[in-house]
Amino acid sequence: DAGVTQSPTHLIKTRGQHVTLRCSPISGHKSVSWYQQVLGQGPQFIFQYYEKEERGRGNFPDRFSARQFPNYSSELNVNALLLGDSALYLCASSLPGGNEQFFGPGTRLTVL
Amino acid sequence: GEDVEQSLFLSVREGDSSVINCTYTDSSSTYLYWYKQEPGAGLQLLTYIFSNMDMKQDQRLTVLLNKKDKHLSLRIADTQTGDSAIYFCAYDPGYSSASKIIFGSGTRLSIRP
């Protein structure tokens, strides 16, 4: 069975631009969470989606948004990019009510 | 508040045991986790422990939880070069409707020959 997949692997943008990151969960997993990992730090929770609805949001500005599709895949959108948005963006999926989150390889975003 | 503290670095000799420690502040934690991250890779769940347990053993890994002191440790027996990575201590606060995990900053484990 395939694990969590994310695309693209790497991305370079300039300040002020917009970016869309994509995530496909493990088959059968209906919950998707997004995390931001800045270099040298642990991941920070951004969003969780379950059954296409937002279940939780971390301490991130409104420039960050996400959605989940009927096939449970998800997109993370970031508007008006800042240099500080440069990070590894991780997606994790889990079973309904499950306590284990399985992480994808991440998308490394560089903002110049 | 939500905070997890870990030491930044640990160096051990190949074949010895590694012990990575972590303290957390939130007493509402339900599950506590250890994740491994190799260079350029995502996070791999190594093991987890429910907050009403004191110890969990899984092959070379032993997790100890002292809930009174809010202290979690991960012991890796017979440490190998493939164990070189960053290890993150993390927990689920349990009070949120979201499956939110709070991570520490990670401990970089290096192995000496």
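For the structure, see preceding data.
The present account deals with the structure reproduced in this document. Quantities reported herein were computed from a predicted structural model and do not represent experimental measurements.

## Digging into the overall build of chain A
Now for step 1: If you tally the helices and strands in chain A, you get zero helices and 11 strands.
Now for step 2: In sequence order, chain A lays out its α and β elements as β-β-β-β-β-β-β-β-β-β-β.
Now for step 3: Its C-alpha atoms put chain A at 40 × 25 × 25 Å along the principal axes.
Now for step 4: Counting every position in chain A, which comprises 112 residues, the buried fraction comes to 49%.
Now for step 5: Pairs at least 24 apart in sequence give 52% of the contacts found in chain A among residues at least 6 apart.
Now for step 6: Summing over all exposed atoms, chain A offers an accessible surface of approximately 5300 Å²; the carbon and sulfur share of this is 49%.
Now for step 7: Counting 10 positive and 8 negative side-chain charges, chain A places the averaged centre of each group 7 Å from the other.

## Overview of unusual backbone geometry
All names here are of chain A.
Now for step 1: Residues Ser-7 and Pro-8 are joined by a peptide bond in cis, for which omega reads -10 degrees.
Now for step 2: Take Pro-8: it is sitting in the loop between strand S1 (5–7) and strand S2 (10–13).
Now for step 3: Even without being a glycine, Lys-52 presents a positive backbone phi close to 70 degrees.
Now for step 4: For Ala-80, which is not a glycine, the phi torsion comes out positive at approximately 45 degrees.
Now for step 5: Its place among the elements puts Ala-80 in the loop between strand S8 (74–78) and strand S9 (87–94).

## What about the interface of chain A and chain B?
How big an interface is tends to be expressed through the accessible area that disappears when the partners come together.
Now for step 1: Contacts between chain A and chain B engage 20 residues on the former and 18 residues on the latter.
Now for step 2: Taken over both partners, the interface formed by chain A and chain B buries close to 1500 Å², and the fraction arising from carbon and sulfur atoms is 51%.
Now for step 3: Among the residues of chain A in contact with chain B, A:Asn99, A:Gln101 and A:Phe103 are the three that bury the most area, contributing 32% of the side total.
Now for step 4: Applying the counting criterion to the chain A and chain B interface returns zero salt bridges.
Now for step 5: Seen at the junction of chain A and chain B, the total is three residue pairs in polar contact (both at pLDDT 80 or more).
Now for step 6: If you list the elements that add at least two residues to the side of chain A that touches chain B, you get strand S4 (31–37), strand S5 (44–50), strand S6 (53–57) and S9 of chain A.
Now for step 7: Here the side of chain A that touches chain B takes three residues from S4(A), the largest share from any one element.

## Describing the sheet that holds strand S1 (residues 4–6) of chain B
Backbone-to-backbone hydrogen bonds pair the strands of a sheet. The strands run either parallel or antiparallel.
Residue and element names in this part refer to chain B.
Now for step 1: With respect to topology, five strands assemble into an open sheet ordered S1-S3-S8-S7-S6, the strand pairing being antiparallel. Bordering the open sheet on either side are S1 and strand S6 (55–58), each of which pairs with just one other strand. Each strand of the sheet is rotated relative to its neighbour by a mean of 15 degrees, with strand direction disregarded.
Now for step 2: Both strand S7 (residues 61–66) and strand S8 (residues 71–76) contribute to a ladder of six bridges, which runs antiparallel. Looking across to S8, one finds that Asn-66 is bridged to His-71.

## Focus: the sheet that holds S8(A)
All names here are of chain A.
Now for step 1: Taken in spatial order, the four strands line up as S1-S3-S8-S7 in an open sheet, and their pairing is antiparallel. Where the open sheet ends on each side, the last strands, each with one partner, are S1 and strand S7 (64–68). Ignoring strand direction, the axes of neighbouring strands in this sheet form an average angle of 20 degrees.
Now for step 2: Where S1 and strand S3 (residues 19–24) come together, three bridges link them in antiparallel fashion. Its bridge partner lying in S3, Gln-6 is registered against Cys-23.

## Structural notes on the state of the cysteines
All names here are of chain B.
Now for step 1: This model, assessed by the stated rule, comprises two disulfides over all chains.
Now for step 2: A sulfur-sulfur distance of 1.9 Å marks the disulfide that ties Cys-22 to Cys-89. Measuring handedness by torsion sign, the sulfur bridge of Cys-22 and Cys-89 sits at about -55 degrees and is left-handed. In this pair, Cys-22 sits in strand S3 (residues 18–24) while Cys-89 sits in strand S9 (residues 85–92), placing the two residues 67 residues apart along the sequence. Both residues of the pair, Cys-22 and Cys-89, count as buried.

Thresholds, definitions, all that
- Residues numbered from 1 in each chain as written.
- Chains lettered and ligands numbered in written order.
- Predicted model: local features only at pLDDT ≥ 70, side-chain atom pairs only at ≥ 80, totals over all residues.
- Heavy atoms only, no water.
- Helix = DSSP H or I, 4+ residues; strand = E, 2+ residues; numbered from the N terminus.
- Buried < 20%, exposed > 50% of the residue type's maximum accessible area, 1.4 Å probe, protein only.
- Contact = heavy atoms within 4.5 Å.
- Areas by Shrake-Rupley, 256 points an atom, 1.4 Å probe, with all protein chains shown as cover.
- Lys, Arg positive; Asp, Glu negative; His and termini not counted.
- Charge placed at Lys NZ, Arg CZ, Asp CG, Glu CD.
- Buried area = accessible area lost by both parts, 1.4 Å probe.
- Salt bridge = Lys/Arg side-chain N within 4 Å of Asp/Glu carboxyl O.
- Polar contact = N/O pair within 3.5 Å; in protein donor to acceptor, adjacent residues only side chain to side chain.
- Pairing = 2+ DSSP bridges.
- Axes fitted to C-alpha atoms, helices over the stretch in contact; angles between N-to-C directions.
- Disulfide = S-S within 2.5 Å.

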